[in-house]
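Residues per chain are reported as follows:
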Amino acid sequence: MDYDYILKKVFVKAEYFIIKQFKEFKNDDRPFPHAIDRIRFQLSEKYYNNLIGKNYNLFESCYRLFCFRNDYYSNTTSISKIIENEIKTEFELVTKVNRAIDKNYKAIDNYGFNRFIYDLITYHSLQKIEERLGKNSDLYELFYDSGDYSSFTLEFFDGHVINSELYRAIFSKIYPDKFIPFAIKNVNDYGNLNWTIIRENPQEELQLNEEKVSSKKISQDFESDEQLLVLNLCLAEKNEIPITEKFKLIILIGEIKDISIFHGSSSKNVAYHKVINGILRKGSLKNMVTTIDNIFVKITNYDLPLTKQTLKKHRATIISEQIKTMYPKK
């Protein structure tokens, strides 16, 4: 069996179907997000109703072998070798125990290996195509807007599609006087990859940001106890708050006006102990809850997710301590 031919056939049929659907949605004056969502839904229905989709539990081990074929063979021979060896053996094992069912949930007699492989490749290919419609949606929006599908492709792009030569060529053709967007790869503190799309000229955007900063100064209206608790989060406490957030917090709390640490012993300095002990310092639990609530309000509009999460945990801990104080165990 010519496995490459099956792959090519599935992609050619899918390409014809997708372009046809795009044109119909455009003629119906539908916005692009609606069009691509509906097409992805239709593709997902197609692979779900495929016999592999209907019998996924039965053929899961075979499908897993197909997906990880490069772990078994080199890239140039992976499809044919994995199918003719490992998958064929696994298929014979699982079909000895159970038979596949059709869309009406009736057992299929004489479900041969060749038919199975055709269904397997189709199932896998439709999944990949549906995923690529999402991943490459910026490119497909250009085709949709222009109505020119002569360069349409379902190929995989390494990195963000906006950075591909194809996207840049089509964009500059459709919008010759516009800035060509590009994508910047970012990896957050947890190792997750995301992309920042630059759609305006960076020099113009930088100038605009500088004007905004010069005309709007960050309000630094933190009370002394609030400043010291935030410093505890930044300096003394072992937590998951990344350095980027801590840096922002230090900027937000502004100038520390209590300079008593410069005079006398630190062991007797009240402000120092508030920074070291954080929520564990002596004092009213109710006041500490109020302090946390005030901090939370003042950082609400800033991108500080781990700080907010930490403050919520501390607040819950203090509330729990309050309850214990009110209802001590007998």
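Just above sits the structure.
Scope of this entry: the structure provided in the associated data block. (Residues numbered from 1 in each chain as written. Predicted model: local features only at pLDDT ≥ 70, side-chain atom pairs only at ≥ 80, totals over all residues. Heavy atoms only, no water.)

**Looking at the overall build of the protein chain**
Reasoning step 1: Tallying secondary structure elements over the protein chain gives 14 helices and two strands in all.
Reasoning step 2: The C-alpha radius of gyration computed for the protein chain amounts to 30 Å, which surpasses the reference 20 Å derived for 330 residues by more than 25%, pointing to a less compact arrangement than a globule.
Reasoning step 3: Considering only C-alpha atoms, the protein chain reaches an extent of 90 × 65 × 40 Å along its principal axes.
Reasoning step 4: Across the 330 residues that make up the protein chain, the buried fraction comes to 35%.
Reasoning step 5: As displayed, the protein chain has an accessible area near 21,300 Å², and 52% of this comes from carbon and sulfur atoms.
Reasoning step 6: Here the protein chain carries 48 positive and 45 negative side-chain charges, and the mean point of each set is 6 Å from the other. (Helix = DSSP H or I, 4+ residues; strand = E, 2+ residues; numbered from the N terminus. Rg over C-alpha atoms; globule rule 2.2 N^0.38 Å. Buried < 20%, exposed > 50% of the residue type's maximum accessible area, 1.4 Å probe, protein only. Areas by Shrake-Rupley, 256 points an atom, 1.4 Å probe, with all protein chains shown as cover. Lys, Arg positive; Asp, Glu negative; His and termini not counted. Charge placed at Lys NZ, Arg CZ, Asp CG, Glu CD.)

**Topic: the side chain of Thr-307**
Reasoning step 1: Of note, Thr-307 is situated in helix H14 (residues 305-326).
Reasoning step 2: Classification of Thr-307 by relative accessible area gives buried; the value is 1%.
Reasoning step 3: When sequence neighbours within four positions are dropped, the list of residues in contact with Thr-307 reads Leu-233, Ile-241, Glu-245, Leu-249 and Ile-299. (Contact = heavy atoms within 4.5 Å.)

**Some points on the packing of helix H10 (residues 224-236) against helix H12 (residues 270-277)**
Each pair of packed helices can be described by the angle between their axes along with the distance between the axes.
Reasoning step 1: Between H10 and H12, whose axes approach to 7 Å, the crossing angle comes to 50°. Relative to H12, the element H10 lies oblique. Viewed along their axes, H10 and H12 form a crossing whose handedness is right-handed. Here H10 contributes Asp-225, Leu-228, Leu-231, Asn-232 and Ala-236 to the contact with H12, which in turn contributes Ala-271, Lys-274, Val-275, Ile-276 and Asn-277.
Reasoning step 2: The residue makeup of the contact of H10 with H12, split by class, is six nonpolar, two polar and two charged. (Axes fitted to C-alpha atoms, helices over the stretch in contact; angles between N-to-C directions. Parallel < 35°, antiparallel > 145°, perpendicular 65-115°, else oblique. Left-handed = near helix turned anticlockwise from the far one by under 90°. Nonpolar A, V, L, I, M, F, W, Y, C, P; charged D, E, K, R; others polar.)

**Topic: the packing of aromatic side chains**
Reasoning step 1: Following the criterion strictly, the structure yields 24 aromatic pairs and no others.
Reasoning step 2: Plain terms: the ring middles of Phe-143 and Tyr-149 are 6.1 Å apart, the flat faces sit at 20° to each other, and that makes the pair stacked. Tyr-149 matches Phe-143 in its accessibility class, with the two residues each being buried.
Reasoning step 3: Three or more aromatic residues joined by ring pairs form one cluster here, namely Phe-22, Phe-32, Tyr-140, Phe-143, Tyr-144, Tyr-149 and Phe-152. (Phe/Tyr/Trp six-rings, centres within 6.5 Å; stacked < 30°, edge-to-face > 60°.)

**Quick word on the layout of surface pockets**
Reasoning step 1: The calculated volume of the largest pocket comes to roughly 280 Å³.
Reasoning step 2: Around the largest pocket sit Val-10, Lys-13, Ala-14, Phe-17, Leu-43, Lys-46, Asn-50, Tyr-118, Asp-119, Thr-122 and Leu-126, which together line it.
Reasoning step 3: Secondary-structure elements contributing two or more residues to the lining of the largest pocket are helix H1 (3-27), helix H2 (32-49) and helix H6 (113-135).
Reasoning step 4: Class assignment for the residues of the lining of the largest pocket results in six nonpolar, two polar and three charged. (1 Å grid on protein atoms, 1.4 Å probe; cavity = no way out; pocket = protein on both sides within 12 Å on 5 of 7 lines; lining within 4 Å. Points joined across faces, edges and corners; volume = space filled by probe spheres on them.)

**A closer look at the nonpolar core**
Reasoning step 1: Of all hydrophobic cores here, the largest spans 56 residues; its most connected members are Ile-18, Phe-22, Phe-59, Ile-83, Ile-87 and Phe-116.
Reasoning step 2: Elements that contribute at least two residues to this core include exactly H1, H2, helix H3 (51-54), helix H4 (56-67), helix H5 (78-97), H6, helix H7 (137-146) and helix H8 (165-174).
Reasoning step 3: For this core, the element with the highest residue contribution is H1, accounting for 10 residues.
Reasoning step 4: When near neighbours in sequence (up to four residues on either side) are disregarded, Phe-59 contacts Ile-52, Phe-91, Val-94, Thr-95, Ala-100, Tyr-111 and Phe-116. (Core = buried A, V, L, I, M, F, W, Y, C linked by side-chain atoms within 4.5 Å.)

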